[in-house]
Amino acid sequence: MAITPRVDMISQAIDPEARLISSRSIICDEDRLPFADRSFDCIILIGMIDTVNDLPGALTLFRRALTPDGVMLAALSGAGSLPTLRAAMAACDPGRAHFHPQIDVRAMGDLMLRAGFSQPVVDTDQVEARYSKLHDLVRDLRANGQNNVLIGRQAMRRSQAAECDRAFTHLAIEGRISETFVTLHATGWASAAR
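Residues numbered from 1 in each chain as written. Predicted model: local features only at pLDDT ≥ 70, side-chain atom pairs only at ≥ 80, totals over all residues. Heavy atoms only, no water.

Trainee: Help me understand the nonpolar core, please; the structure alone is not making it clear to me.
Mentor: A general feature of soluble globular proteins is that nonpolar side chains tend to end up buried together. If you look at the biggest cluster of nonpolar residues, it comprises 28 residues, and the most contacted ones within it are Ile49, Leu59, Met72 and Met108. For this core, the secondary-structure elements that each account for two or more residues are strand S1 (40-46), helix H1 (55-65), strand S2 (66-77), helix H3 (105-114) and strand S4 (177-190). No other element matches the five residues that H1 contributes to this core. Beyond its immediate chain neighbours, meaning those up to four positions away, methionine 108 contacts Ile49, Leu55, Leu59, Leu76, Ile103, Val122, Leu184 and Ala186. In terms of nonpolar packing, the next biggest core, distinct from the first, is built from 14 residues, Leu137, Leu141, Cys164 and Phe168 among them. (Core = buried A, V, L, I, M, F, W, Y, C linked by side-chain atoms within 4.5 Å. Buried < 20%, exposed > 50% of the residue type's maximum accessible area, 1.4 Å probe, protein only. Helix = DSSP H or I, 4+ residues; strand = E, 2+ residues; numbered from the N terminus. Contact = heavy atoms within 4.5 Å.)

Trainee: Hey, could you run me through the sheet that holds strand S3 (residues 118-131) in this one?
Mentor: In a beta sheet, neighbouring strands are held together by backbone hydrogen bonds and run either parallel or antiparallel to one another. The strand order S1-S2-S4-S3 describes an open sheet built from four strands, whose pairing is mixed. A single partner strand is all that each edge strand has here, and the edge strands are S1 and S3. Within the sheet, the average angular offset between the axes of one strand and its neighbour, ignoring direction, is 10°. Looking at chain direction, S1 and S2 are connected through six bridges and run parallel. Directly across from phenylalanine 40, in S2, lies its bridge partner leucine 66. (Pairing = 2+ DSSP bridges. Axes fitted to C-alpha atoms, helices over the stretch in contact; angles between N-to-C directions.)

Trainee: Please clarify how the environment of phenylalanine 35 should be interpreted in this entry.
Mentor: Position of phenylalanine 35 among the secondary structure elements: in the segment before S1. C-alpha of phenylalanine 35 to C-alpha of alanine 65: the two residues are 30 residues apart in sequence and 6.7 Å apart in space.

Trainee: Could you clarify how one ought to interpret the packing of H1 against H3 in this entry?
Mentor: Closest axis-to-axis distance for the H1/H3 pair is 9 Å, and the angle between their directions is 50°. Classified by the interaxial angle, the pair formed by H1 and H3 is oblique. Crossing geometry of H1 relative to H3 is assigned as right-handed. Across from Leu55, Pro56 and Leu59 in H1, the residues of H3 making contact are Met108, Leu111, Met112 and Arg114. The class makeup of the residues in the contact of H1 with H3 is six nonpolar, no polar and one charged. (Parallel < 35°, antiparallel > 145°, perpendicular 65-115°, else oblique. Left-handed = near helix turned anticlockwise from the far one by under 90°. Nonpolar A, V, L, I, M, F, W, Y, C, P; charged D, E, K, R; others polar.)

In structure tokens:
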């Protein structure tokens, strides 16, 4: 006998950059949620919380938005991502931040505990990709919404961009540049015992 899952409510999408606007969308920042406490049985965050300004605060708000025994599932870019691009950017434009700080497995687990999640589980998935030129990597990043979202960012001058391209290409082995993408997968429960 097959069991058909019952869905009582499908939540609105939160899209702070207004890319996926629909009649069910709510535009807000992840660290300023417009939801009442205990509103959701499950919160799924995919590629959203790795660029918030206040990750501990955002996690606390998500925890509060869960019903007792509710669960949060998250996937985000983790520490160790894009080391080749980071090195090239540091070489061509030293002293300027081009990347949001990244979080590792242990820190994510600690932050989830601090936010009130019980039994947090955090794991990583690492993917290696090879590119023939910097432009291809940048195109992929933009297509996945992974632009520079730092406040006060400034575009590179053409000379800096060309220097960055040279620095990136200099790291090539047999005409290809290897780049690493690390994804953190996190699960946390809002224990009813709290």
